[in-house]
Amino acid sequence: SVGFVLSSSHVKFKGSGGKEVWLSYGLSGIYYQWSRLKIEGVGGEGSIDSNASSSYFYFSDGSTIHRVDSTSANIFRLMYASELPEKYLPEDGWVWGAGLEWVTLALNTQHGSTRTIKMNHPGLDGGYQWNWPKAYLFLKYGWAFSKDSANFSYTDGISFGTGLVW
């Protein structure tokens, strides 16, 4: 099976004084599933919500303070997933997946440099799938089991996709 997926992810930075900055990502990509093995890659631009009138925030890498003007994300997932629908007698039903994801966040700074944050962690997703003889649609929610630090956390979100069965 091969398909197209739209998903969302969120990152929260906590700055000095407890101020929070949220990065929200609308991601799109493709996946391939053979039996129970699912390989997925998504990517896209993000938006910055600093609860202020500005669309940027400041980030320190320990030695320099950078103004971040834009952001993007790429996520690669390797999952053990529920079985594909049978070709001629499909039944709608609940679907799930468990596996690993590799996340790369790019923080694009005012002066053209990019600060990259990479992480990998286990993840789960689950939802409902509507099946037809050669196609299906799904709506799922993903849970990332990332290690939160004192000033940074990552969460998955809702995903919607379609696929073809042959």
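Bear in mind the structure is a predicted one, so any value in this text is a computation, not a measurement. (Residues numbered from 1 in each chain as written. Predicted model: local features only at pLDDT ≥ 70, side-chain atom pairs only at ≥ 80, totals over all residues. Heavy atoms only, no water.)

### Re the pairing of strand E8 (residues 135-144)
Next, step 1: Burial of the side chains of E8 is restricted to one face: Tyr 136, Phe 138, Lys 140, Gly 142 and Ala 144 are buried, whereas none of Ala 135, Leu 137, Leu 139, Tyr 141 and Trp 143 on the reverse face is.
Next, step 2: For strand E7 (residues 114-131) and E8, the ladder comprises nine bridges, and the chain directions are antiparallel. The residue bridging Asn 131 from the neighbouring strand is Tyr 136, located in E8. (Buried < 20%, exposed > 50% of the residue type's maximum accessible area, 1.4 Å probe, protein only. Helix = DSSP H or I, 4+ residues; strand = E, 2+ residues; numbered from the N terminus. Pairing = 2+ DSSP bridges.)

### Some details on a nonpolar patch on the surface
Next, step 1: Where nonpolar side chains cluster on the molecular surface, the patch consists of Phe 4, Leu 6, Ile 30, Leu 124, Trp 130, Trp 132, Leu 139, Tyr 141, Trp 143, Phe 145, Ile 158 and Phe 160 and spans about 1200 Å² of accessible area.
Next, step 2: The set of elements that each furnish at least two residues to the nonpolar patch consists of strand E1 (2-14), E7, E8 and strand E9 (152-164).
Next, step 3: Mapped onto the elements of the fold, Leu 124 is located in strand E7.
Next, step 4: The exposure class of Leu 124 is partly exposed, given its relative accessible area of 38%. (Patch = residues over 30% accessible without salt bridge, like charges linked within 9 Å, V, L, I, M, F, W, Y side chains within 5 Å. Areas by Shrake-Rupley, 256 points an atom, 1.4 Å probe, with all protein chains shown as cover. Salt bridge = Lys/Arg side-chain N within 4 Å of Asp/Glu carboxyl O.)

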